[in-house]
Amino acid sequence: MKTLVALVAVGLVLAAPAWSQTADIVLVNGKILTVDERSSIQQALAIGDGKILAVGSTADVRKLAGPETRVIDLLGRTVIPGLIDSHLHGIRAALSFSTEVNWIGTSSLVEAVGRIREAARTMRPGAWLIVAGGWNVQQFKERRRPTQAELVEAAPDNPVYVQLGYSWAMLTPLAYKTLNIAAEADLPRSGRFETDAEGKRTGAVTGPQEAIIAMFDRLPKPTFDEQVEGTKKFFRELNRLALTGFVDPGGNNLFFPDYQAVLKVWRQSLMTVRVAYSLNGQTPGSEFEELNDLTQLLPMGFGDDMLRFNGIGERITWAMNNNDKPSEAEKAKYYEIIKWAAERGMTLTMHWPRDGSVNELLTLFEKLNTEVRITSLRWSIAHLGDASETSLARMKALGMGWTVQGTPPVEMGRRMEVPIGAGTDAHRVASYNPFTALQTSLGAVREPPSRADALRFYTIGSAWFSRDEKKRGSLEVGKFADLAVLSKDYMTVPLEEIGTIESLLTMVGGKVVYAAGPYQ
């Protein structure tokens, strides 16, 4: 009993400094979803020096307000920790955000094609109009893709390119002419012209992922200044949707010079989201040499709390990427790289979509763990949407996490205490809107998570993958004041309305990075 009393006394002493400080900002009269261990809900919080000083009742927190304190009356609105996407290709998406046409959030083809028409009026004459992804047929009430004729009618004097995932792209005749594509032989290898029931070309190109990637690489790239501007604009767009951080796994169409835009924004201290990024080897067969050269002066964790190197992934080698039956030679080359990464304490994330073949990957990891311990390195698998209990148990034994998109069996993973981070895989194949992703997850047919757990996956769950769960991801004393005031109450709004939630006020480190409505 004496020990308990002593511990309580020590706790009160440690807590006292926070309550004795004067806050820079105080938020009162709200519904604050702290995402602490108990998922407690509080009324108010205080911020000082970019961190949370106190969380509690409005009456108590008001005591920290001084003459210079900014007091924000939430009027009952819901506050959440800033959302963190555990698997967002945000650096790549940002490069062209200021020059692309964005179909995210449109509900009909008429609206989507209307954005093409508007861009044709507002962008410079003859400019390329590119929709690089982030949309799907299901979001349109017409339940179909655009026709070439619709795109030509909207922008007759501009080359237009519209990509859907990594399997289909529609080009207008002017786009084909500009790219000097006249015959199928002019397409990237394995690319094909799509034809209709009568054998006539529709104007689209189809093919495997590699063909569509190669098609996109033929398009003109934004200038460096446009890439920097796009980066700033995209990050503000994420702030509008309550995002304050993401983990970037590298990926296709993202080459090493492409990181210079985000590095410039970082050097200028203009980052409005916290980014942890990975590197991929880009040249088939030379991935090891590239990664080794790039990381000579880039140790794990290099950077700061706004931009940090987070290891390698999600495509370690081209040969193992989406390969259900890798050869012994392909596995040996892969093993050489992952052993090198483990010896250097690097985090690693790997794209693997099918549980039926994930044994190929996990067996390599288990073998490596007998030579170099990886259980503390926070390695992870992404896209394993049909994960089995057996695979998740093996991952847990290796200290691995699971970054999830869509509606995988997250409840099973939660019960097994596998680290889980939520995300979108945006923006080529999905929308970057986290509330759309949350709505999808909560609407899963099989064992959907609770709203509290889904929010946990998208906050402190995702923070685990960049080793930041002690700094952010929940609204607790001492953590960064990364938060968002929502337009609707996430916990009570009807399921079908979750995807319409936006932020009214977003803070990163106590700094307002987005404000709308009553806070504008």
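Residues numbered from 1 in each chain as written. Predicted model: local features only at pLDDT ≥ 70, side-chain atom pairs only at ≥ 80, totals over all residues. Heavy atoms only, no water.

A. Up close: the sheet that holds strand S12 (residues 192–195). Reading across the sheet, the 5 strands line up as S9-S10-S11-S13-S12 and stay open at both edges, with mixed pairing between neighbours. This sheet does not close on itself; its edge strands, each paired only once, are strand S9 (129–131) and S12. Strand-to-strand, the axes of this sheet are offset by a mean angle of 25°, without reference to chain direction. Lying on the sheet, helix H7 (residues 209–217) is in contact with S9, strand S10 (160–164), strand S11 (168–171) and strand S13 (201–206); it crosses S10 at an angle near 150°. (Pairing = 2+ DSSP bridges. Helix = DSSP H or I, 4+ residues; strand = E, 2+ residues; numbered from the N terminus. Axes fitted to C-alpha atoms, helices over the stretch in contact; angles between N-to-C directions. Contact = heavy atoms within 4.5 Å.)

B. Local environment of the packing of helix H8 (residues 224–240) against helix H9 (residues 260–267). Orientation of H8 relative to H9, taken along the N-to-C sense of each, is 65°, at an axis distance of 9 Å. In terms of orientation, H8 lies roughly perpendicular with respect to H9. The hand of the H8/H9 crossing is right-handed. Together, Phe-224, Gln-227, Val-228, Thr-231, Lys-232 and Phe-235 of H8 and Gln-260, Ala-261, Val-262, Lys-264 and Val-265 of H9 make up the contact between the two elements. (Parallel < 35°, antiparallel > 145°, perpendicular 65-115°, else oblique. Left-handed = near helix turned anticlockwise from the far one by under 90°.)

C. Representation of helix H12 (residues 359–371). The end-to-end C-alpha separation of H12 is 19 Å, in line with the 18 Å expected for 13 residues at 1.5 Å each. Taken together, the buried positions of H12 are Leu-361, Leu-362, Leu-364, Phe-365, Leu-368 and Asn-369. Down the axis of H12, the buried side of the element spans an arc of 155°, and every buried residue falls inside it. In this structure, the buried side of H12 is in contact with helix H11 (328–343), strand S17 (349–351), strand S18 (380–382) and helix H13 (389–397). (Expected span 1.5 Å × (residues − 1). Buried < 20%, exposed > 50% of the residue type's maximum accessible area, 1.4 Å probe, protein only. Arc of directions from axis to C-beta.)

D. Highlighting the nonpolar core. The biggest cluster of nonpolar side chains holds 92 residues, and the ones touching the most others in it are Phe-235, Tyr-334, Phe-365, Trp-379 and Tyr-490. Of all the elements, H11 adds the most residues to this core, at 7 residues. Non-local contacts of Phe-235, meaning those with residues more than four positions away in its chain, are made with Ala-94, Phe-246, Val-262, Met-271, Thr-272, Val-273 and Val-275. Judged by nonpolar contacts, the second largest core, of 21 residues, contains Val-113, Leu-129, Val-131 and Leu-164. (Core = buried A, V, L, I, M, F, W, Y, C linked by side-chain atoms within 4.5 Å.)

E. View of empty space enclosed by the protein. Enumeration according to the criterion identifies 3 cavities of 30 Å³ or more in this entry. Size it by volume and the largest cavity reaches roughly 80 Å³. Lining of the largest cavity is provided by Ser-86, His-87, Val-247, Pro-249, Ser-278, Asn-310, Thr-347, Thr-349, Arg-378, Ser-380, Thr-403 and Phe-465. Residue composition of the lining of the largest cavity, grouped by class: 3 nonpolar, 8 polar and 1 charged. Roughly 60 Å³ of internal volume is contained in the second largest cavity. Every residue along the wall of the second largest cavity is listed here: Phe-97, Glu-100, Val-101, Asn-102, Ala-132, Gly-133 and His-427. Partitioning the lining of the second largest cavity into residue classes produces 3 nonpolar, 3 polar and 1 charged. (1 Å grid on protein atoms, 1.4 Å probe; cavity = no way out; pocket = protein on both sides within 12 Å on 5 of 7 lines; lining within 4 Å. Points joined across faces, edges and corners; volume = space filled by probe spheres on them. Nonpolar A, V, L, I, M, F, W, Y, C, P; charged D, E, K, R; others polar.)

F. Layout of the pairing of S10. Most of S10 sits inside the fold, with 5 of its 5 residues counted as buried. With burial as the criterion, each face of S10 is covered, one bearing Val-160, Val-162 and Leu-164 and the other bearing Tyr-161 and Gln-163. Bridging between S9 and S10 involves 3 bridges; their strand directions are parallel. Bridging across to S10, Val-131 finds its partner in Val-162. Note on the crossover from S9 through helix H5 (residues 148–154) to S10: the handedness is right-handed. Linking S10 to S11, which pair antiparallel, is a turn of 3 residues; within it Gly-165 sits at a positive phi near 60°. (Right-handed = clockwise from strand over helix to strand, strands pointing away.)

G. Layout of the side chain of His-89. For His-89, the location among the structural elements is in the loop between strand S8 (83–85) and helix H3 (90–95). Every residue in contact with His-89, bar those within four places of it in the chain, is listed here: Asp-248, Pro-249, Gly-250, Gly-251, Glu-314, Asp-425 and Ala-426.

H. Structural detail: unusual backbone geometry. Cis geometry is adopted by the peptide bond preceding Glu-314, which originates at Gly-313 and carries an omega value of -10°. Along the chain, Glu-314 turns up in the loop between strand S16 (307–312) and H11. Following Ala-426, the chain continues to His-427 via a peptide bond in cis, the omega torsion being 5°. Assignment of secondary structure puts His-427 in the loop between strand S20 (420–422) and helix H15 (434–442). Backbone geometry places Leu-75, a non-glycine residue, at a positive phi of 55°. Here Leu-75 falls in the exposed class, since its relative accessible area comes to 63%. We note that Arg-378 has phi near 60°; this positive angle belongs to a residue other than glycine. Mapped onto the elements, Arg-378 comes out in the loop between H12 and S18. On the accessibility criterion, Arg-378 (17% relative accessible area) is buried.

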